[in-house]
Amino acid sequence: MLDAILYVVKTGTQWRMLPGEFARWRAAHYYFRRWREEGRILCILSITSRSVRRRTGRHGEPSALIIDCQSVPSTRVGGISSFDAFKKVNGRKRHIAARAQGLLWGLVA
């Protein structure tokens, strides 16, 4: 199940387009939703990122983050939107915090 979930995340494909070598898409999606609600997905990602850092000789938790902001065009149909006067874009802002290795630490939209 975890391989199927990671495949969808990495490739960005639709659940229904999972290759036959993985579990059926309904089962994979069911476990993804269940694990997300239980907090298991965040736990798995946290353990994975800590082990990657330790393998490279770093501490488990980062001491510095890279923060970026991006304005994304959208309409009011999808929810709240505003105007970014500096970039002249109607839409939403995404704030992303990543570790120096490029692993995502947090995201706010």
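My aim in this report is to walk through the structure given alongside it, one point at a time. None of these values were measured; they are calculated from a predicted model.

Here helix α2 (residues 25-38) contains 14 residues, and its C-alpha end-to-end distance of 20 Å stays within 8% of the 20 Å for a straight helix at 1.5 Å per residue. If you follow the buried residues of α2, they end up packed against α1 (2-11) and α3 (40-55).

Moving on, we get to the packing of aromatic side chains. Following the criterion strictly, the structure yields 4 aromatic pairs and no others. Their ring planes at 80° and their centres at 5.1 Å tell us that tyrosine 30 and tyrosine 31 sit as a pair that is edge-to-face. Owing to a relative accessible area of 40%, tyrosine 30 belongs among the partly exposed residues under this scheme. Taking the relative accessible area as the measure of exposure, tyrosine 31 reaches 29% and is therefore partly exposed. Ring centres 5.7 Å apart and planes at 55° place the aromatic pair tyrosine 31 and tryptophan 35 in the tilted group.

What follows deals with the packing of α1 against α2. Angle between the axes and distance between the axes are the two parameters that describe a pair of packed helices. Packing of α1 against α2 brings their axes to within 9 Å, and their N-to-C directions diverge by 85°. If you check the angle between α1 and α2, you find them roughly perpendicular. Taken together, the residues of α2 that come into contact with α1 (itself represented by Leu2, Ala4 and Ile5) are Ala28, Tyr31, Phe32 and Trp35. Residue composition of the contact of α1 with α2, by class: 7 nonpolar, no polar and no charged.

Calculation notes
Residues numbered from 1 in each chain as written. Predicted model: local features only at pLDDT ≥ 70, side-chain atom pairs only at ≥ 80, totals over all residues. Heavy atoms only, no water. Helix = DSSP H or I, 4+ residues; strand = E, 2+ residues; numbered from the N terminus. Expected span 1.5 Å × (residues − 1). Contact = heavy atoms within 4.5 Å. Phe/Tyr/Trp six-rings, centres within 6.5 Å; stacked < 30°, edge-to-face > 60°. Buried < 20%, exposed > 50% of the residue type's maximum accessible area, 1.4 Å probe, protein only. Axes fitted to C-alpha atoms, helices over the stretch in contact; angles between N-to-C directions. Parallel < 35°, antiparallel > 145°, perpendicular 65-115°, else oblique. Nonpolar A, V, L, I, M, F, W, Y, C, P; charged D, E, K, R; others polar.

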